[in-house]
Structure formats: C-alpha cells, structure tokens
Amino acid sequence: MDFQQTALNRPQSVLFQGLVRTAPDKRDNAAISAAIDEAAAIWTIIDDRLEHLHYVAGNELTLADIAFGVHAHRWLNMDIPGRPAAPHLTTWYHRLLERPAFKQHVARPIT
C-alpha cells in the first residue's frame with residue numbers, strides 16, 4: 001500500500017485533475033504527458049505482478065487491491081492518450097468489477 005501511496009498517487013492525481021477537471025484549453029499538456037509516463041511505468045510493474053497472481057498481494061483480495069483498484073478504475077476509464085496495453089491489469093480490474101461493492105462504490109462515472 002505504501003507503493004500505491006508514494007508512487008502512484010501523484011501522477012494519477014495530475015492525470016485526473018488535468019484530464020477530467022481542467023478544460024482542454026487550460027491543460028498543462030507537458031505535466032499530463034509526464035504523469036502518463038510515470039503512471040504507465042508503475043502500472044507496468046503491477047501488470048507484470050498480476051501475470052502470476054489473481055490479486056495485487058497474492059491470490060486473495062486484500063486492502064492493497066482496494067487501494068490500487070480506485071486508481072485502476074480511473075487509469076482504465078479516463079481518455080489517456082498513449083496508455084500502454086496492460087492485459088493482466090485489465091483482467092484483474094474485471095475481476096474486481098465482479099465484486100458488487102467495488103462495482104457499486106468504485107466503478108462509477110469519472111467526474
């Protein structure tokens with residue numbers, strides 16, 4: 001969970017604020033591009049990990065999945081230019097969507 005907090009929070013926040021909360025003509029495209037690269041590197045680490053696991057910390061759901069799941073929902077559902085493919089991350093995200101609480105409380109429209 002520290003990895004999510006210390007490595008992923010900042011670039012994901014830049015992306016959310018820049019792509020969702022800022023009008024296109026007022027966006028800092030350089031900051032958004034840098035945040036995409038930074039977040040993509042982190043999601044690649046998670047994607048690689050999920051190649052052999054059902055969940056972030058093993059084969060059972062843990063709090064780590066909830067912490068990363070919120071960010072994954074945004075990452076996979078915002079219009080992010082050049083987002084790299086992450087098949088294991090996507091599979092894991094769909095596994096989270098099968099959970100009624102995640103679907104109800106996290107997988108909501110991004111506004």
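Residues numbered from 1 in each chain as written. Predicted model: local features only at pLDDT ≥ 70, side-chain atom pairs only at ≥ 80, totals over all residues. Heavy atoms only, no water.

S.K.: Any details on the overall build of the protein? Residues and values, ideally.
M.R.: If you tally the helices and strands in the protein, you get 5 helices and 0 strands. Whereas a compact globule of 111 residues would reach a radius of gyration of roughly 13 Å, the protein reaches 14 Å, a difference of no more than 12%. Expressed along its principal axes, the backbone C-alpha trace of the protein runs to roughly 45 × 25 × 25 Å. Relative to its full complement of 111 residues, the protein shows a buried share of 37%. The contacts of the protein with a sequence gap of at least 6 include a subset with a gap of at least 24, amounting to 69%. Carbon and sulfur atoms provide 52% of the accessible area of the protein, an area that totals close to 6,500 Å². Put simply, the protein has 11 plus and 12 minus side-chain charges, and the middle of one group is 9 Å from the middle of the other. (Helix = DSSP H or I, 4+ residues; strand = E, 2+ residues; numbered from the N terminus. Rg over C-alpha atoms; globule rule 2.2 N^0.38 Å. Buried < 20%, exposed > 50% of the residue type's maximum accessible area, 1.4 Å probe, protein only. Contact = heavy atoms within 4.5 Å. Areas by Shrake-Rupley, 256 points an atom, 1.4 Å probe, with all protein chains shown as cover. Lys, Arg positive; Asp, Glu negative; His and termini not counted. Charge placed at Lys NZ, Arg CZ, Asp CG, Glu CD.)

S.K.: Give a detailed account of the packing of helix 2 (residues 29–50) against helix 3 (residues 63–77), specifying residues and quantitative values.
M.R.: Put simply, helix 2 and helix 3 touch, their axes get as near as 12 Å, and they point 125° apart. If you check the angle between helix 2 and helix 3, you find them oblique. Note on packing geometry: the crossing formed by helix 2 with helix 3 is left-handed. Residues Ile 36, Ala 39, Ala 40, Trp 43 and Ile 46 of helix 2 lie in contact with helix 3, whose contacting residues are Phe 68, His 71, Ala 72 and Trp 75. Among the residues making up the contact of helix 2 with helix 3, the classes are represented as 8 nonpolar, 1 polar and no charged. (Axes fitted to C-alpha atoms, helices over the stretch in contact; angles between N-to-C directions. Parallel < 35°, antiparallel > 145°, perpendicular 65-115°, else oblique. Left-handed = near helix turned anticlockwise from the far one by under 90°. Nonpolar A, V, L, I, M, F, W, Y, C, P; charged D, E, K, R; others polar.)

S.K.: Any details on helix 3? Residues and values, ideally.
M.R.: Every α-helix winds through 3.6 residues per turn, so residues three or four apart in the chain are directed the same way. Taking 1.5 Å as the rise per residue, helix 3 with 15 residues should run 21 Å; its terminal C-alpha atoms sit 21 Å apart, in good agreement. Packed against the buried residues of helix 3 are helix 1 (2–19), helix 2, helix 4 (87–97) and helix 5 (100–105). (Expected span 1.5 Å × (residues − 1).)

S.K.: So what's going on with the packing of helix 1 against helix 3? Which residues, and what values?
M.R.: The N-to-C vectors of helix 1 and helix 3 enclose an angle of 25°; their axes lie 11 Å apart at closest approach. The angle between helix 1 and helix 3 places the two elements in the roughly parallel class. Relative to helix 3, helix 1 is oriented so that their crossing is left-handed. Contacts between helix 1 and helix 3 involve Phe 3, Gln 4, Leu 8, Asn 9, Gln 12, Leu 15 and Phe 16 on the former and, on the latter, Ala 67, Phe 68, His 71, Arg 74 and Trp 75. In terms of residue class, the contact of helix 1 with helix 3 is built from 7 nonpolar, 4 polar and 1 charged.

S.K.: I'd like a rundown of the packing of aromatic side chains, residues and numbers included.
M.R.: Using the criterion set out here, one finds 4 aromatic pairs in the structure. Their ring planes at 80° and their centres at 6.1 Å tell us that Tyr 93 and Phe 102 sit as a pair that is edge-to-face. You'll find Tyr 93 and Phe 102 in the same group, each marked buried. Taken together, the ring pairs in this structure connect Phe 3, Trp 43, Phe 68 and Trp 75 into an aromatic cluster. Directly above the aromatic system of Phe 16 lies the positively charged group of Arg 74, at a separation of 3.8 Å from the ring centroid. The residue whose ring lies beneath Arg 95 is Tyr 55, and the NZ or CZ to ring-centre distance is 5.8 Å. (Phe/Tyr/Trp six-rings, centres within 6.5 Å; stacked < 30°, edge-to-face > 60°. Lys NZ or Arg CZ within 6 Å of the ring centre and 35° of its normal.)

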